[in-house]
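Spelled out from the first residue to the last, the chains are:
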Amino acid sequence: QVQLVESGGGLVQAGGSLRLSCSASGSIFGFTAMAWYRQSPGKSRELVASSASGGNPDYADSVKGRFTISRDNAKNMVYLQMNSLKPEDTAVYYCYARPQLGPNSGMDYWGKGTLVTVSS
């Protein structure tokens, strides 16, 4: 089965950096879109950064210039480098992936999330 596992969350002071990692498994032909979402209390889950296979990354306006998404397709890994963190970045961050081909294509998969807390 397809499984996504995030890691790298934690507590950091404003202005600091964190690197989130997501390990994906279970797709024969890899994944098309891979992305990072986040959700804060009282808010809906929002897209932070996305990366389609062979395409350019896309970012939410609030994180442009500070966050960088990258992929290692050979290892089915996706990363989110977060720099110049702000308290408003505090949220649970979720990894998202969609299988490219095969029996699981067309379905969305999510990790359990990793908490990022940015203090003032």
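Remember, predicted model here, so these are calculated numbers, not experimental data.

Draft legend 1. Main features of the nonpolar core. Trp36, Val48, Phe67, Leu80, Met82 and Tyr93 are the most contacted members of the largest nonpolar core, which totals 28 residues. Going through the elements one at a time, strand 3 (18–25), strand 4 (31–39), strand 5 (46–51), strand 7 (67–72), strand 8 (77–82), strand 9 (91–99) and strand 11 (114–119) are the ones with two or more residues in this core. Not counting residues within four places of it along the chain, the set of residues in contact with Val48 comprises Trp36, Tyr37, Arg38, Asp58, Tyr59, Ala60, Val63, Phe67, Leu80 and Tyr93.

Draft legend 2. Quick look at the state of the cysteines. Taken as a whole and judged by the stated rule, the model has one disulfide. Each disulfide pairs two cysteine sulfurs, and for Cys22 the partner residue is Cys95, the sulfurs being separated by 2.1 Å. Taking the sign of the S-S torsion, about -85 degrees here, the bridge from Cys22 to Cys95 comes out left-handed. Of this pair, Cys22 sits in strand 3 while Cys95 is found in strand 9, placing the two residues 73 residues apart along the sequence.

Draft legend 3. Structural detail: the sheet that holds strand 7. Taken in spatial order, the four strands line up as 1-3-8-7 in an open sheet, and their pairing is antiparallel. Each of the sheet's edge strands pairs with one partner strand only, and the pair in question is strand 1 (3–7) and strand 7. Ignoring which end each strand starts from, the neighbouring axes of this sheet average 15 degrees apart. Both strand 1 and strand 3 contribute to a ladder of five bridges, which runs antiparallel. When the bridges of strand 3 are listed, Ser7 appears paired with Ser21.

Criteria and thresholds
Residues numbered from 1 in each chain as written. Predicted model: local features only at pLDDT ≥ 70, side-chain atom pairs only at ≥ 80, totals over all residues. Heavy atoms only, no water. Core = buried A, V, L, I, M, F, W, Y, C linked by side-chain atoms within 4.5 Å. Buried < 20%, exposed > 50% of the residue type's maximum accessible area, 1.4 Å probe, protein only. Helix = DSSP H or I, 4+ residues; strand = E, 2+ residues; numbered from the N terminus. Contact = heavy atoms within 4.5 Å. Disulfide = S-S within 2.5 Å. Pairing = 2+ DSSP bridges. Axes fitted to C-alpha atoms, helices over the stretch in contact; angles between N-to-C directions.

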